[in-house]
Amino acid sequence: MDNVARPGAGEPLHSSAGARRAPAQRRSRVLIVEDTADIRYFLETLLKDQYEVAAASAGEAGLRMATGEPHPEIILLDVMMPDMDGYEVMRRLAKDPRTAEIPVIFLTALGSVADEQKGLDLGATDYITKPISPPILLARVRLHLERSANARRLKDLSEQLSRYLAPQVYQSLFDGSRQAEIQTQRKRLTVFFSDIKNFTASTAQWQPEEVTLLLNSYFAEMSQIAAEYGATLDKFIGDAIVIFFGDPHSLGPRQDALQCVRMAVAMQKRMQDLQRRWRGMGISKTFEIRIGINSGFCDVGNFGSALRMEYTIIGREVNLAARLEQAAEPGEILISSETHALVQGEILADAREPLLAKGFSEPVVIYSVDQAAMEGDGDASIIRCDRPGLRMDIDLDRLTGAERTQAAAQLRKALVGLEALPEAAAVPQAEVAAEPEPEAADAADVSLPEHMAGLDLALGLSRAMGINPLYVSMLRRFRQGHQETTARIRQALEDGELKTAELLSHSLRGIAGQIGATRVPHDAEALEQALSEGWPREAIDGLLVELQASLGELIAALHAGLPPQAAAP
């Protein structure tokens, strides 16, 4: 039988000295989790010319490899495995945020609708039954990798676009609760303005790159605090920040005002940390921020045109917050009487002289927040450290139980890194299936006899993509690896390990079907079913005798009919 070339299903799957290789480029990483060595070999050989392939022989090892670096971009997962089956592996993959979005294709000889539905319900992307059809496998791997790549591109794009919107607005657009149309409403908000006192004058002689670096580090810190307190960040204007509470989500007027004032205090405290950091960078200027807060009814929504709109706020109360910020001393937080009325009882504030503000005919009653009463100095729940190369700021009272556990794990990981010696050896990857690389096929002109007892040669060859060297290699592996399989099944029965006997029968059925065996897959399936259903031992022994006979016939035919293997050079 001549060697059959199979173009069209991706690159050729066999290698030769004269084979042309595609230009070097990043290849997708495929993880195979399969307990049958011959099936792993077959899959690796099919995929290795097109993808970077990793393989694990058990569920636990597969999970470690899936969560390790680099992450696989698709997982081929066997269902029937010892210790942990594919369904349990799928459950754990779906629960772990590191692996939840990796597409998973189940591989199994179980072909019922219920089995397939169970896998899909757990989150599997696709389901391929054994014996595996190589063209179908390759097509589906390629399809799901493309879909996954497209999904990642859309996610990356949406994340980039989200940086131009407040997180709440971005989320409301995606969940459908808000539309991108010109529409405003009048709502009671608490409005925040801040700026860095004398920033423009202090940096007049600086290079633009230096100003940009300073501002971006400042904005990054303040934005993070705003997000932690649930604020809607409206805009940056030069070195000024405009924030509000109460839309698109609100905790109620009082809680919105309390959150805003607490956020302002946190920002003043963070500014002290930034000052120390900047001094460590050689920036001698003392930068301080001033903050103004006001509460009242504002118009909020989308302003602009159908071509370009902006989600923002306007109104008298917005202007008053800006005036309070301009009137505040460096490091101070000024609040209006309306805000004070909402937060009194929880926030201490001292009355200041009424403010004659531009645009307001009457003096404005204002208060200065007593930040010292809110500092938490000496509080055991506050852990801070800020020095060159080490910055830590932990507020235990604001962490949930789960967040504390995560923080502790991160700190332990950092401690290990600090204490590790530079020459520490890398962790050995014991979970990688300890197998030799798929053997190089014999010369391309290897031929097969016209007939071998117990084999449908045409079917087996087609399941090897029509590649003679690959098919011959699979037959040789089968001959070498399965001569003692029935003896192992009988020993498992003697030891009372029925599940082990069932898994051995299942694995034999899968690989025998893959090579085109005729009787062995049927006999192995009958034995597997009997073990699964708890048949009497006498009936099981009878089925095992039939399997032993068909398997022995196939092994003998392989010994007699396979061409001799070329001697190693």
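Residues numbered from 1 in each chain as written. Predicted model: local features only at pLDDT ≥ 70, side-chain atom pairs only at ≥ 80, totals over all residues. Heavy atoms only, no water.

*Asks:* Which parts of the structure should I look at to understand the overall build of the chain?
*Replies:* A count of helical and extended segments in the chain gives 18 helices and 15 strands. A buried classification covers 45% of the 569 residues belonging to the chain. For the chain, long-range pairs separated by at least 24 residues make up 68% of all intrachain contacts whose partners lie at least 6 apart in sequence. Accessible surface for the chain amounts to roughly 30,000 Å². Of this, 52% is attributable to carbon and sulfur atoms. (Helix = DSSP H or I, 4+ residues; strand = E, 2+ residues; numbered from the N terminus. Buried < 20%, exposed > 50% of the residue type's maximum accessible area, 1.4 Å probe, protein only. Contact = heavy atoms within 4.5 Å. Areas by Shrake-Rupley, 256 points an atom, 1.4 Å probe, with all protein chains shown as cover.)

*Asks:* Looking at this model, I keep getting lost on the packing of aromatic side chains. Mind explaining?
*Replies:* Centre distance and the angle of the planes are the two values used to describe a pair of aromatic rings. For the coordinates displayed, the defined rule picks out seven aromatic pairs. Here the aromatic rings of Phe199 and Phe287 are separated by 5.7 Å at their centres, their planes lie at 50°, and the arrangement is tilted. Of this pair, Phe199 sits in helix 7 (residues 199-202) while Phe287 sits in the loop between helix 9 (253-280) and strand 9 (289-304), and the two are 88 residues apart along the sequence. Each member of the pair, Phe199 as well as Phe287, carries the same accessibility label: buried. Through pairs of rings, three or more aromatic residues link up here, namely Phe199, Trp206, Trp278 and Phe287. Across the ring face of Tyr41, the terminal group of Arg477 is positioned such that the distance to the ring centre comes to 4.2 Å. (Phe/Tyr/Trp six-rings, centres within 6.5 Å; stacked < 30°, edge-to-face > 60°. Lys NZ or Arg CZ within 6 Å of the ring centre and 35° of its normal.)

*Asks:* Can you walk me through the pairing of strand 6 (residues 183-196) in this structure?
*Replies:* A regular strand places its side chains so that they alternate between the two faces of the sheet. Here strand 6 runs beside strand 9; their pairing, made up of 14 bridges, is antiparallel. In the strand pairing of strand 9, Arg186 is matched with Asp299. Of the strand pairs in this sheet, strand 6 and strand 8 (residues 240-245) are connected by five bridges, and their pairing is antiparallel. Within strand 8, the residue paired with Val191 across the bridge is Phe244. (Pairing = 2+ DSSP bridges.)

*Asks:* I keep staring at the pattern of salt bridges and nothing clicks. Help me out?
*Replies:* With the rule as written, the count across this model stands at 30 salt bridges. Of the charged contacts, one joins Asp38 and Arg477 as a salt bridge, the two residues approaching to 3.3 Å between their closest N and O atoms. Highlighted residues: Asp38 in helix 1 (residues 37-47) and Arg477 in helix 14 (residues 468-481), separated in sequence by 439 residues. A residue is classified by how much of its surface remains accessible, and Asp38, at 9% relative accessible area, is buried. (Salt bridge = Lys/Arg side-chain N within 4 Å of Asp/Glu carboxyl O.)

*Asks:* Where do I start with unusual backbone geometry in this structure?
*Replies:* Generally, phi is negative for residues other than glycine and the peptide bonds are trans, each holding for most cases. A cis amide bond links Lys130 with the next residue in sequence, Pro131, at an omega value of 0°. With respect to the helices and strands, Pro131 occurs in the loop between strand 5 (126-129) and helix 5 (134-162). Pro248 follows Asp247 through a cis peptide bond whose omega is 0°. Within the secondary structure, Pro248 is located in the loop between strand 8 and helix 9. For Asp83, which is not glycine, the phi torsion reads 70° and is therefore positive. Tracing the chain through its elements places Asp83 in the loop between strand 3 (74-78) and helix 3 (86-95). Phi at Asn198 takes a positive value of approximately 60°, unusual for a residue other than glycine. If you trace the backbone, Asn198 turns up in the loop between strand 6 and helix 7.

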